[in-house]
2 protein chains.
Amino acid sequence: MTALTDLLAFQRQTEALSSVAERLGWDQETVMPRGAAEQRAEEMGAMEEVLHDRRTDPRIGEWLDAADPQTPADRRAVALIARDYARSSRIPARLASELARLTSLAQGIWAEARAKDAPADFLPTLDQVLMLKREEAACLADGGDLYDALLEDYEPGMTGARLATLFDAMRPRLVALRDDVLGADQPQALKGHFPQETQLRLARACATAFGYDWTRGRMDLAVHPFSSGRWQDSRITTRVVETDPFNCLYSTIHEVGHSSYELGIDPDYAFTPLGRGVSMGVHESQSRIYENQLGRGRAFTGWLFERMSEAFDGLNITDPDAFYATVNRVTPGYIRTESDEVQYNLHVMLRFDLERDLISGRLDTQDLEAAWNARFLKDFGVAVDRPANGVLQDVHWSVGLFGYFPTYALGNVYAGCLNQALRGAVPDLDASLAQGDATPATEWLRENVQRHGGLMTPTAVIESAAGQPIGPDPLLDYLEQKFGRIYGL
Amino acid sequence: MTALTDLLAFQRQTEALSSVAERLGWDQETVMPRGAAEQRAEEMGAMEEVLHDRRTDPRIGEWLDAADPQTPADRRAVALIARDYARSSRIPARLASELARLTSLAQGIWAEARAKDAPADFLPTLDQVLMLKREEAACLADGGDLYDALLEDYEPGMTGARLATLFDAMRPRLVALRDDVLGADQPQALKGHFPQETQLRLARACATAFGYDWTRGRMDLAVHPFSSGRWQDSRITTRVVETDPFNCLYSTIHEVGHSSYELGIDPDYAFTPLGRGVSMGVHESQSRIYENQLGRGRAFTGWLFERMSEAFDGLNITDPDAFYATVNRVTPGYIRTESDEVQYNLHVMLRFDLERDLISGRLDTQDLEAAWNARFLKDFGVAVDRPANGVLQDVHWSVGLFGYFPTYALGNVYAGCLNQALRGAVPDLDASLAQGDATPATEWLRENVQRHGGLMTPTAVIESAAGQPIGPDPLLDYLEQKFGRIYGL
């Protein structure tokens, strides 16, 4: 038992320190004075070095050799520690440090190139990032597929080939739905000026409606909304655009989904590798089902319509059915983050195919812009107007996040499966949602998904909750029905 | 050069990590959700263990042996690292851990005993704390004086004997002034309800008047106001009592003094042992001169009178001279933290004499309450009415802070010396203060005290700024003149 006890005690401290580093990131994005950037970079660097030393500490290898875990939770914890140790140990310190240095630099170069709409200013740097990421992937893959090795950091157990099969099956139906919807009459847009304080008050009401635990969280403003933290302290952020209150309200509900996952994990798993969301895809399934299948459904928008009409002293939309259509309005656009349920996955699939080709070497960075533009025209029916709206729009690749994009669409697929099972298990859910009370949904999700944390694999947790194998049909059926009705298709 | 470079690089990371730990403390006292207490305790514990391991890392000893610093700053940095390393290495891990465990427990026991007014519930625990602190002092003192060894953590270079001489010289004049003032006619008290938002707006205006750098700081609410952080990020906190706006405003100015010291240090010293305030006494000299000699002076209160009259739509005091007297009102009271410029040092001296006797063994904890009460009656002329207003009022001893109290009074003495020199150097200072602009004062303090950080000893930095040896007369002369005039003595 000693090796296991020592291993878990060591891991406990590592988890605590990693939680501190995450809190530091929250501070930076929400409350930190703007003059503190250099200091914070140095503090983060020092924390990362402490964490790196712990993750590659050779004692972990010795403890792992001697540990003999008896319970399922302990066996899984040991397996997760072993996986991370193996991955951390395979990457040479020189490579890790070059990657850290280059990606920190590359993010700034990307931001400038985007502002100037000048891909040529960024692509040579992206090429260097790509070379280092391929080198990293080769260390991790141990002879296997490079892209799969990177994917393992975000969606353990998933492969590029499985994702390609899944996404290729989805694309035609999504492209067809997009064409139909954009060919139909558009719902009215919401118009007006919506003061910040009122938006934030409504955002808090929405978070409460979705069961956010304010004793273990808080809400602040951030430029790009995110959630942060685990166990007893998972905070959300939101942003306010005074002409578009849906931005604030649905960002909030989305982040409540992420935070509720972390806060819903069995408290016994705190400070162990089981004490956090098991993958980015499962995480996104929670934020998306809160935001879309629940938050953008007819029942909840009926409640929201009343609240918003009251809070803003009348809206230009005066009927709850029309309001529901307005909330779910689909408009042409270039930008992934501003996209809707119909088009979002098409944005992601484009990036997935391109990044897989970049990592495999089938695509060169110098051909990337042309490939992006050709693919966008094919899937979206319009030509990219400028690089900032095309190949330069996302930060991800500049910071080395290859393998991250597909988890967004995978999360939507998971959310589709979960929503089908949830509706079967809680047939009168809409009656509660119409009262601004998502409790029956959040309880079902906590019981069937969230509480397990890292205990099961991503596939196992979704399939056990959904009661069927993961597939794209529940999501696609839901989208076709929902938007078919709204747009009278 | 390699040993020195390695030593300073290692120290740089330690400083960054210690700054992270301090930021975590700020988070806990200001924004942390209330349900996150256990988690935070574990995170703090993990950070402390990392820091303790670094501070006692045997490589420091090797680097120190081989280092050959050439510049005054490097020589001083090496000396400060050597001092901390020697102190950390002298305390056995067993004792450090027992002290941490016991003081964390003792704080809770003290709080309960104070709430119940039951010294007997706390004194046996205090006795255990005292035993461990005496053991710690014996490790540190190496045959020397136990109290001096503890004092070294807060006011390096100072001794209990020197403090006793200083305080004994001050006491008769302070007791006499207290008697005279309390025997005279009292100025009017401020009456009314002062809404929180208005108080906070005025507090921000006061902080700005004293030159607080908002790009490297921020202000939040806390139960007990404090300042936190250094270099590019030193934040202040304040509190609001809606019947007493002076509480909020003067807490703010006090904390601006502490933060301005940290923010005023030469940026080249960041991430070195020179990059922080050199002692608690010098720190307190900055907060006190901002709060009292500058903030509670006739010139600045004239400006404040206008601002407050405007913000609160009239006050029950309608004349700036009467307002100045109200700000400086002296009333009888038992509580140190609610005390005024005349009585504050008497509170501190009482604690200093008692704690010095506790550490030397001349006083037993079982006789402590009686000793406190007898001394209070002697210096303040009234009997303590209940233990919560007497021996149980401060948290310090429960958490092992022996040697800390005298730095409060020492800071006042330093502030007296600095004020005399400042007024000589900037003869027209009051003209600026009357306009709500303390810039000429803060610039003089930055140039003569703050920028030096840890470069000089506490005594050296104060004496070089004051242009004379440290003594009690400037403070006592200032108090007698100021309160003599206000009270018509």
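Only a predicted model underlies this, so the values are computations on that prediction, with no experimental measurement involved. (Residues numbered from 1 in each chain as written. Chains lettered and ligands numbered in written order. Predicted model: local features only at pLDDT ≥ 70, side-chain atom pairs only at ≥ 80, totals over all residues. Heavy atoms only, no water.)

Peer 1: Any details on the domain arrangement of chain A? Residues and values, ideally.
Peer 2: All names here are of chain A. If you check the domain split of chain A, you get domain 1 (2–151) and domain 2 (155–489). Between the C-alpha centres of domain 1 and domain 2 there is a distance of 26 Å. Every contact between the two is made by 40 residues of domain 1 and, on the other side, 54 residues of domain 2. Summed over both partners, the interface of domain 1 with domain 2 buries about 4100 Å², with 62% contributed by carbon and sulfur atoms. (Domains from an automatic or database assignment. Contact = heavy atoms within 4.5 Å. Buried area = accessible area lost by both parts, 1.4 Å probe.)

Peer 1: An account of the packing of aromatic side chains is requested, with residue identities and associated values reported.
Peer 2: Evaluated as defined, the whole model comprises 42 aromatic pairs over all chains. Between A:Tyr344 and A:Tyr408, the aromatic rings sit 6.2 Å apart at their centres with planes inclined by 85 degrees, giving edge-to-face as the arrangement. Taken together, the residues span a long stretch of sequence, with A:Tyr344 in helix 14 (residues 344–360) and A:Tyr408 in helix 16 (residues 406–425) at a distance of 64 residues. The cationic tip of B:Arg230 hangs over the ring face of B:Trp231; the distance from NZ or CZ to the ring centre is 5.1 Å. (Phe/Tyr/Trp six-rings, centres within 6.5 Å; stacked < 30°, edge-to-face > 60°. Helix = DSSP H or I, 4+ residues; strand = E, 2+ residues; numbered from the N terminus. Lys NZ or Arg CZ within 6 Å of the ring centre and 35° of its normal.)

Peer 1: Before we move on, could you go through the pairing of strand 3 (residues 235–238) of chain A and cite the residues and values that matter?
Peer 2: Residue and element names in this part refer to chain A. Side chains of strand 3 alternate between two faces, with Arg235 and Thr237 and Ile236 and Thr238 buried alike. Bridge count between strand 1 (residues 219–221) and strand 3: three bridges; the pairing is parallel. Looking at strand 3, one finds that Leu221 is bridged to Thr238. One ladder, built from two bridges, connects strand 2 (residues 227–228) with strand 3; its direction is antiparallel. Across the sheet, the residue bridging to Ser227 is Ile236, located in strand 3. (Buried < 20%, exposed > 50% of the residue type's maximum accessible area, 1.4 Å probe, protein only. Pairing = 2+ DSSP bridges.)

Peer 1: Break down the sheet that holds strand 1 of chain A for me, with residues and values.
Peer 2: Pairing is mixed across the open sheet formed by three strands, whose spatial order is 1-3-2 (chain A). At either end of the open sheet lies a strand with only one pairing partner, and these are strand 1 and strand 2 of chain A.

Peer 1: Would you mind going over the relation of the copies chain B and chain A in detail, with residue names and values included?
Peer 2: For the pair chain B and chain A, the relating rotation is 179 degrees, the translation along its axis is 0.0 Å, and the fit reaches an RMSD of 0.1 Å. The superposition of one copy onto the other is thereby described by a two-fold rotation axis. Most of the interface of chain B is mirrored in chain A: 100% of its interface residues are interface residues there too. (Least-squares fit on C-alpha atoms with pLDDT ≥ 70 in both.)

Peer 1: With reference to specific residues and values, describe the interface of chain B and chain A.
Peer 2: Across the contact, 38 residues belong to chain B and 38 residues belong to chain A. Between chain B and chain A, the buried area comes to about 3100 Å², and carbon and sulfur atoms account for 55% of it. At the junction of chain B and chain A, the tally comes to six salt bridges. Notably, a salt bridge pairs A:Asp27 with B:Arg235, separated by 2.8 Å at the nearest N-O pair. There are 20 residue pairs in polar contact (both at pLDDT 80 or more) connecting chain B and chain A. Of the residues forming the side of chain B that touches chain A, the biggest block, eleven residues, is contributed by helix 2 (residues 37–55) of chain B. (Salt bridge = Lys/Arg side-chain N within 4 Å of Asp/Glu carboxyl O. Polar contact = N/O pair within 3.5 Å; in protein donor to acceptor, adjacent residues only side chain to side chain.)

Peer 1: Quick one: what's the story with the state of the cysteines, residue by residue and with numbers?
Peer 2: All names here are of chain A. Taken as a whole and assessed by the stated rule, the structure comprises zero disulfides over all chains. Free cysteine Cys206: the closest other cysteine sulfur is in Cys248, separated by 8.3 Å. For Cys206, a relative accessible area of 1% corresponds to the buried category. (Disulfide = S-S within 2.5 Å.)

Peer 1: A description of helix 11 (residues 280–294) of chain A should follow, citing residues and the corresponding values.
Peer 2: All names here are of chain A. Here helix 11 contains 15 residues, and its C-alpha end-to-end distance of 20 Å stays within 8% of the 21 Å for a straight helix at 1.5 Å per residue. Within helix 11, 14 of the 15 residues are buried, which leaves it mostly tucked inside the rest of the structure. Two or three places before Gly281, at the opening of helix 11, Ser279 has a side-chain oxygen 3.4 Å from that residue's backbone nitrogen. (Expected span 1.5 Å × (residues − 1).)

Peer 1: Quick rundown of the pattern of salt bridges? Include the residues and the values.
Peer 2: Applying the stated criterion across every chain yields a total of 80 salt bridges over all chains. Across the salt bridge formed by A:Arg178 and A:Asp179, the nearest N and O atoms sit 3.9 Å from each other. Using a relative accessible area of 5% as the deciding quantity, one classes A:Arg178 as buried. Between A:Asp321 and A:Arg298 there is a salt bridge whose closest N-O contact spans 2.7 Å. Of the two residues, A:Asp321 sits in helix 13 (residues 320–327) while A:Arg298 sits in helix 12 (residues 298–311), which places them 23 residues apart along the sequence. Taken together, the shared-partner salt bridges connect A:Arg23, A:Asp233, A:Arg235, B:Asp27, B:Arg40 and B:Glu43 into one network.

Peer 1: Give a description of the environment of A:Ala79 that names residues and reports values.
Peer 2: With respect to the helices and strands, the residue A:Ala79 is situated in helix 4 (residues 72–90). C-alpha separation for the pair A:Ala79 and A:Val391, spaced 312 residues apart in sequence, amounts to 38 Å.

Peer 1: Provide a residue-level description of the sheet that holds strand 1 (residues 219–221) of chain B, including the pertinent values.
Peer 2: Residue and element names in this part refer to chain B. The mixed open sheet is built from three strands, whose spatial order is 1-3-2. What marks the edges here is a single partner per strand, and that holds for strand 1 and strand 2 (227–228). Lying on the sheet, helix 9 (residues 196–209) is in contact with strand 1 and strand 3 (235–238); it crosses strand 1 at an angle near 145 degrees. Where helix 10 (residues 245–264) meets the sheet, it contacts strand 1, strand 2 and strand 3, and its direction lies at approximately 160 degrees from that of strand 3. (Axes fitted to C-alpha atoms, helices over the stretch in contact; angles between N-to-C directions.)

Peer 1: Explain the environment of A:Gln199 to me, using residue names and the numbers behind them.
Peer 2: All names here are of chain A. Structurally, Gln199 is set in helix 9 (residues 196–209). In the structure, Gln199 is positioned 149 residues away from Val348 in sequence and 29 Å away in space, judged by C-alpha atoms. In contact with Gln199, other than residues within four places in its own chain, are Phe194, Val240, Val241, Glu242, Asp244, Pro245, Cys248, Leu249 and Phe312. At a separation of 3.0 Å, a polar atom in the side chain of Gln199 contacts the main-chain carbonyl oxygen of Val241.

Peer 1: Hey, could you go over the environment of B:Asp357 for me, with residue numbers and the actual values?
Peer 2: Looking at where B:Asp357 falls in the secondary structure, it is placed in helix 14 (residues 344–360). Residues in contact with B:Asp357, not counting those within four places in the same chain, are B:Arg362 and B:Leu363.

Peer 1: Tell me about the packing of helix 9 of chain B against helix 12 (residues 298–311) of chain B, and please be specific about residues and values.
Peer 2: Residues and elements named next belong to chain B. Viewed as axis vectors pointing N to C, helix 9 and helix 12 meet at an angle of 150 degrees, and their least axial separation amounts to 11 Å. Here helix 12 runs roughly antiparallel to helix 9, going by the angle between their axes. Crossing handedness for the pair helix 9 and helix 12: right-handed. For the pair helix 9 and helix 12, the contacting residues are Thr198, Arg201, Leu202, Ala205, Cys206 and Ala209 in the first and Phe300, Trp303, Leu304, Arg307, Met308 and Ala311 in the second. Its residues assigned to classes, the contact of helix 9 with helix 12 shows nine nonpolar, one polar and two charged. (Parallel < 35°, antiparallel > 145°, perpendicular 65-115°, else oblique. Left-handed = near helix turned anticlockwise from the far one by under 90°. Nonpolar A, V, L, I, M, F, W, Y, C, P; charged D, E, K, R; others polar.)

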